[in-house]
Amino acid sequence: MANEVSRVRVRFAPSPTGMLHLGGARTAVYNWAFARSQGGNFILRIEDTDPERSTEENVQIILRAMRWLGLDWDEGPEVGGSVGPYFQTQRMETYSAALQELKSKGNAYPCFCTKERLDACRKEAEAKEGGYSGYDGHCRDIPANEARARIDAGEPHVWRLRVPEGHGPIKFQDAVYGDMSFPADVMDDLILVRSDGSPTYNFAVVCDDANMGITHVIRGDDHLSNTPRQILIYEALGFDVPTFAHLPMILGPDGKKLSKRHGATNVEDYRDRGYLPDAMVNYLALLGWSLDGETTEIPRDVLASKFSLDRISKKDAVFDEDKLTWLDGVYTRGLDEQKWFDVAIPWLAYANWLGSSAPVGVNMVSSLDKNQQKERLASLLAPWDEVPAEEWQGKLADVSDRREWYLQAYPLVVERQNTFNEIPDKLAYLFWGPNVQLDEKSANKVLLKDPERAKQALQICREVLASDGIAWEAEALQQECRDKGEAAEIKPKDLFQPLRVAIAGNMVSPPLFESIVMLPREDVLARIDGVMAKVF
Ligand code: GLU
């Protein structure tokens, strides 16, 4: 049991009032990594007490984004745990019990002040020097029997914390910011429970953190000013105060707090743009923490064993999407062909190139409007067991039947792709069947500048590619074309560029002959014939 008590317990406590944004995801990564590195427990708690803004849909979005990032939680929604429930709306009794205790100790009192009175006080104070410093304690000393009578008569009231008079400065040691001290005499008697009976954020969060045995509260530094108030509540309830670690802000490249203005801040947007979750977690970890001040590539297992609070920086972090993209490239190139293909599958399905029923040459993406594209992509990028069965009918069979064929695409693109959303475009030419989608610029430059020469080049290559005597292998075909070209005094570049345009539609396709041998011979010949007929 002693072991149990000293075990690290941390929580990520999102409010389901929107998507999981980058700042929240960074907080989740740090909590997860700290729990893992300490052999502790990572708890997910949904703070859904705001009935207007919390939605079940947002809960699902947050859980999905957490799963996509691979941040598994030991206790929380779906997995349960011994100190649940893990939704604040299901913990109302625990807040009532805590309030009851504060009442019985005399640490909470009812306040009947109307909004009008409070507004007037604020206005008056703001007009004076020094400004408004919070609630004036008007209802602090209402005698208990009078308060009781007013409550019984149904008079609306909130419950406030009685901040002890003469309380010295509220001190704590933040694991990031060090010694912190806030004067208690400027703290007004904060509201714990609203007139509708709902707990305020500060009250609920303290009750939950205490009742869930949270040892370390790791969260954004926008909550720093709440911490002294929360400590007062811990003290009033007689709970141990956990260790706090407040994380530095994340700024956009312009030095302003990261927000929608800076582009995507929603984690799932990165999923939909083809980033790898491993790269994302690595990059988020670097936004305010470092392993040794220089290592940028920090795989998940290293993070899970080496993460420490003492290497979190006080300095604001700057979100740099180029660096994320670069890191994503590092992770992409680190994938072996099997893993690469597993990541590529939904992208190939997105373009409708998986499955025998897929119409040849039609890139599904382009026939959908933006919203349809988004929906389709989201459904395909969900974990496999969540993808609707009809999406996969016929496709999975194709994936396993022709896996070897698909794997041949790996060396063609892995070095040339940035993110996986480029896959539908980069590999399109493998799925065109006998027809080429010709890029006009490439055709003008490569085929029409010197049409006679281009035509001759294509004829030479066509002859080689049509010949039964040569194995359908990249090297053999390339060598034979090269020899034939040389004999006709055509330089390799002048020979192969027209062929590249005729096969892949443009000048910048992946390796040519390695691509050609992935296609059936009759399609290769048909493409050359089609382009010659169209262009010359
Ligand atoms: N629900 C709060 C938020 O999303 C959590 C604050 C905390 O970690 O204490 O900001």
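Each remark here, short or long, concerns the structure printed above.
Scoring rules and cut-offs
Residues numbered from 1 in each chain as written. Predicted model: local features only at pLDDT ≥ 70, side-chain atom pairs only at ≥ 80, totals over all residues. Heavy atoms only, no water. Buried < 20%, exposed > 50% of the residue type's maximum accessible area, 1.4 Å probe, protein only. Helix = DSSP H or I, 4+ residues; strand = E, 2+ residues; numbered from the N terminus. Right-handed = clockwise from strand over helix to strand, strands pointing away. Near = heavy atom within 4 Å. Polar contact = N/O pair within 3.5 Å; in protein donor to acceptor, adjacent residues only side chain to side chain. Contact = heavy atoms within 4.5 Å. Axes fitted to C-alpha atoms, helices over the stretch in contact; angles between N-to-C directions. Parallel < 35°, antiparallel > 145°, perpendicular 65-115°, else oblique. Left-handed = near helix turned anticlockwise from the far one by under 90°. Phe/Tyr/Trp six-rings, centres within 6.5 Å; stacked < 30°, edge-to-face > 60°. Lys NZ or Arg CZ within 6 Å of the ring centre and 35° of its normal. Nonpolar A, V, L, I, M, F, W, Y, C, P; charged D, E, K, R; others polar. Core = buried A, V, L, I, M, F, W, Y, C linked by side-chain atoms within 4.5 Å. Pairing = 2+ DSSP bridges.

Visitor: It is not clear to me how the pairing of strand 1 (residues 9–12) should be interpreted in this structure. Could you clarify?
Guide: Two faces, one strand: in a regular strand the side chains alternate between the faces of the sheet. Across the two faces of strand 1 the burial is the same, with Arg9 and Arg11 and Val10 and Phe12 all buried. One crossover worth recording links strand 1 to the parallel strand 2 (residues 41–44) by way of helix 2 (residues 22–38), and it is right-handed.

Visitor: Even after reading the chapter, I still don't get the site of the ligand, so can you show me in this structure?
Guide: With respect to spatial proximity, the complete set of residues near the ligand consists of Arg11, Ala13, Ser15, Glu47, Tyr201, Val205, Arg219 and His223. One of the side-chain N or O atoms of His223 is found 2.9 Å from an oxygen atom in the ligand.

Visitor: Please clarify how the environment of Leu190 should be interpreted in this entry.
Guide: One can find Leu190 in the loop between strand 6 (178–182) and strand 7 (191–193). Between the C-alpha atoms of Leu190 and Trp68, which are 122 residues apart in sequence, the distance is 39 Å. Look past the residues within four positions of Leu190 in its chain and what remains in contact with it is Trp159, Arg160, Leu161, Asn202, Arg229 and Ile233.

Visitor: What is the right way to look at the packing of helix 7 (residues 201–211) against helix 8 (residues 227–237) in this model?
Guide: Geometrically, a packed helix pair is captured by the angle between its two axes and the distance between the axes. At a closest axis distance of 9 Å, the pairing of helix 7 and helix 8 adopts a crossing angle of 55°. By the criterion of interaxial angle, the relationship of helix 7 to helix 8 is oblique. The crossing of helix 7 and helix 8 is right-handed. From helix 7, Tyr201, Asn202, Phe203, Val205, Val206, Cys207, Asp209 and Ala210 reach across to helix 8, where they touch Arg229, Gln230, Ile233, Tyr234 and Leu237.

Visitor: What's the story with the environment of Glu155 in this structure? I'm lost.
Guide: With respect to the helices and strands, the residue Glu155 is situated in the loop between helix 6 (144–152) and strand 4 (158–161). Placed 40 residues apart in sequence, Glu155 and Ser195 show a C-alpha to C-alpha distance of 9.6 Å. Look past the residues within four positions of Glu155 in its chain and what remains in contact with it is Phe112 and Arg150. A polar contact of 2.8 Å, which involves the side chain of Glu155, links it to the side chain of Arg150.

Visitor: Would you mind showing me how to read the packing of aromatic side chains here?
Guide: Any pair of aromatic rings gets described here by the distance separating the centres and the angle formed by the planes. Taken as a whole and assessed by the stated rule, the structure comprises 14 aromatic pairs. Considering the side-chain rings of Tyr283 and Phe319, the 5.6 Å spacing of their centres and the 70° angle between planes classify their relative orientation as edge-to-face. Within this pair, whereas Tyr283 is found in helix 10 (residues 277–286), its partner Phe319 is found in the loop between strand 11 (317–318) and helix 12 (321–333), the two being separated by 36 residues in sequence. For the residue pair Tyr283 and Phe319, the accessibility class agrees, reading buried in each case. Measuring from ring centre to ring centre gives 5.1 Å for Phe341 and Tyr406, while their planes differ by 20°; the resulting arrangement is stacked. A residue pair is termed long-range when its members are at least 10 positions apart, and Phe341 in helix 13 (residues 337–350) and Tyr406 in helix 17 (residues 403–407) qualify at 65 residues. Across the pair, exposure class does not vary: Phe341 and Tyr406 are buried alike. An aromatic cluster is present here, built from Tyr270, Tyr275, Tyr283 and Phe319 joined pairwise through their rings. In this arrangement the basic side chain of Arg26 is found over the ring face of Tyr30, its NZ or CZ atom lying 5.6 Å from the centre. Between the NZ or CZ atom of Arg160 and the centre of the ring of Tyr135, over which it lies, the distance is 3.5 Å.

Visitor: What's the story with the packing of helix 4 (residues 92–105) against helix 7 in this structure? I'm lost.
Guide: For the pair helix 4 and helix 7, interaxial distance at closest approach is 10 Å and the crossing angle is 100°. Comparing the axis directions of helix 4 and helix 7 gives the class roughly perpendicular. Judged by residue contacts, Thr94, Tyr95, Ala98, Leu99 and Leu102 of helix 4 engage Phe203, Ala204, Cys207, Asp208 and Asn211 from helix 7. Grouping the amino acids of the contact of helix 4 with helix 7 by side-chain chemistry returns seven nonpolar, two polar and one charged.

Visitor: Sorry, what's going on with the nonpolar core here?
Guide: As a rule of thumb, soluble globular proteins bury nonpolar side chains together. Of all hydrophobic cores here, the largest spans 124 residues; its most connected members are Met66, Leu303, Trp340, Leu348 and Leu499. Each residue touching Leu499, except ones within four places of it in the same chain, is listed here: Leu458, Cys461, Leu465, Leu512, Phe513, Ile516 and Ile528. Grouped together as the second largest cluster of nonpolar side chains are 44 residues, Ala108, Met180, Ala184 and Val206 included.

Visitor: Got a minute to help me understand the pairing of strand 8 (residues 216–220) in this structure?
Guide: The element strand 8 is largely enclosed, with a buried count of five among its five residues. By the bridge criterion, five bridges tie strand 8 to strand 9 (residues 243–247) in an arrangement that is parallel. Bridged to Gly220 within strand 9 is Leu247. Where the polypeptide runs from strand 8 across helix 8 and back to strand 9, its parallel neighbour, the crossover connection is right-handed.

Visitor: Just to check I follow, could you spell out unusual backbone geometry for this structure?
Guide: Peptide bonds are, in most cases, trans, and in most cases residues other than glycine have a negative phi. With an omega dihedral of 0°, the bond running from Gly84 to Pro85 counts as a cis peptide bond. Turning to its location among the elements, Pro85 is positioned in the loop between helix 3 (56–69) and helix 4. Not every positive phi belongs to a glycine, and Glu78 is a case in point at roughly 75°. By relative accessible area, which is 60% here, Glu78 ends up exposed. In this structure, Glu489 is a non-glycine residue whose phi angle is positive, near 60°. Note that Glu489 resides in the loop between helix 22 (474–487) and helix 23 (492–504).

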